[in-house]
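# Fold and contact review
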Amino acid sequence: MFDLPVIEPEERKIATKFRDFLIDNGFEMCQFSVYLRFCGTREKANPLIKNIKEHIPPQGNISILFFTDKQFAEILTFENRKTVNLAEQPEQLTLF
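About the criteria used
Residues numbered from 1 in each chain as written. Predicted model: local features only at pLDDT ≥ 70, side-chain atom pairs only at ≥ 80, totals over all residues. Heavy atoms only, no water. Helix = DSSP H or I, 4+ residues; strand = E, 2+ residues; numbered from the N terminus. Buried < 20%, exposed > 50% of the residue type's maximum accessible area, 1.4 Å probe, protein only. Contact = heavy atoms within 4.5 Å. Areas by Shrake-Rupley, 256 points an atom, 1.4 Å probe, with all protein chains shown as cover. Core = buried A, V, L, I, M, F, W, Y, C linked by side-chain atoms within 4.5 Å.

## Describing the overall build of the protein
- Counting its secondary structure elements, the protein contains three helices and six strands.
- Element order for the protein, N to C, with α for helix and β for strand: β-α-β-β-α-β-α-β-β.
- Burial analysis of the protein (96 residues in total) assigns 18% to the buried set.
- Taking the intrachain contacts of the protein between residues at least 6 apart in sequence as the baseline, contacts between residues at least 24 apart amount to 48%.
- A total accessible area of about 8200 Å² is found for the protein, and carbon and sulfur atoms account for 53% of it.

Written out as C-alpha cells, the structure is:
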C-alpha cells in the first residue's frame, strides 16, 4: 500500500507510473492505493520486494504487508452492505 503525493502534475505522473508498475508485475487493485498479489511463499516474494525497492518513487510512503494463506482466506469484504467473495488465490503463477 502506498501514499504518494499527487498535487503537482509531475507527482501525478510519478504516482501513475508506480501504479502501472505494480499492475505490470501482477498486482491487482484492492483500493486506490492498496494493491495485492499472491506470492505463495516469502522466498517467492523476496525477488518481487527487491524489484519494488528499485522502483520506489522519491517521495511518499510505501508499506508491504504479508499475510499467511489462512489470514488472506479469512478477509471479509463488504460492498454496498453485501458480502463480496474474494477470488481464490492461484495455485501457481501464470505469466502472459
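## A few points about the nonpolar core
- Counting ten residues, the largest nonpolar core consists of Phe2, Leu4, Ala15, Phe18, Phe21, Leu22, Phe27, Tyr35, Leu48 and Ile52.
- When residues of this core are traced back to their parent elements, those giving at least two are helix H1 (9–24) and helix H2 (42–54).
- Residue contributions to this core peak at four residues, all from H1.
- If near-sequence neighbours (up to four positions away) are discounted, phenylalanine 18 is found in contact with Phe2, Leu4, Ile52, His55, Ile56, Pro57 and Ile62.

## Digging into the environment of isoleucine 64
- Structurally, isoleucine 64 can be placed in the loop between strand E4 (61–62) and helix H3 (69–73).
- Given a relative accessible area of 37%, isoleucine 64 falls into the partly exposed group.
- For the pair isoleucine 64 and tyrosine 35, spaced 29 residues apart in sequence, the C-alpha separation works out to 9.7 Å.
- When residues no more than four places from it in sequence are discounted, the contact partners of isoleucine 64 are Ile49 and Ile52.

## Focus: the environment of glutamine 31
- In this fold, glutamine 31 is placed in strand E2 (residues 28–31).
- Measuring from C-alpha to C-alpha, the distance between glutamine 31 and methionine 1 comes to 9.0 Å, with 30 residues separating the pair along the chain.

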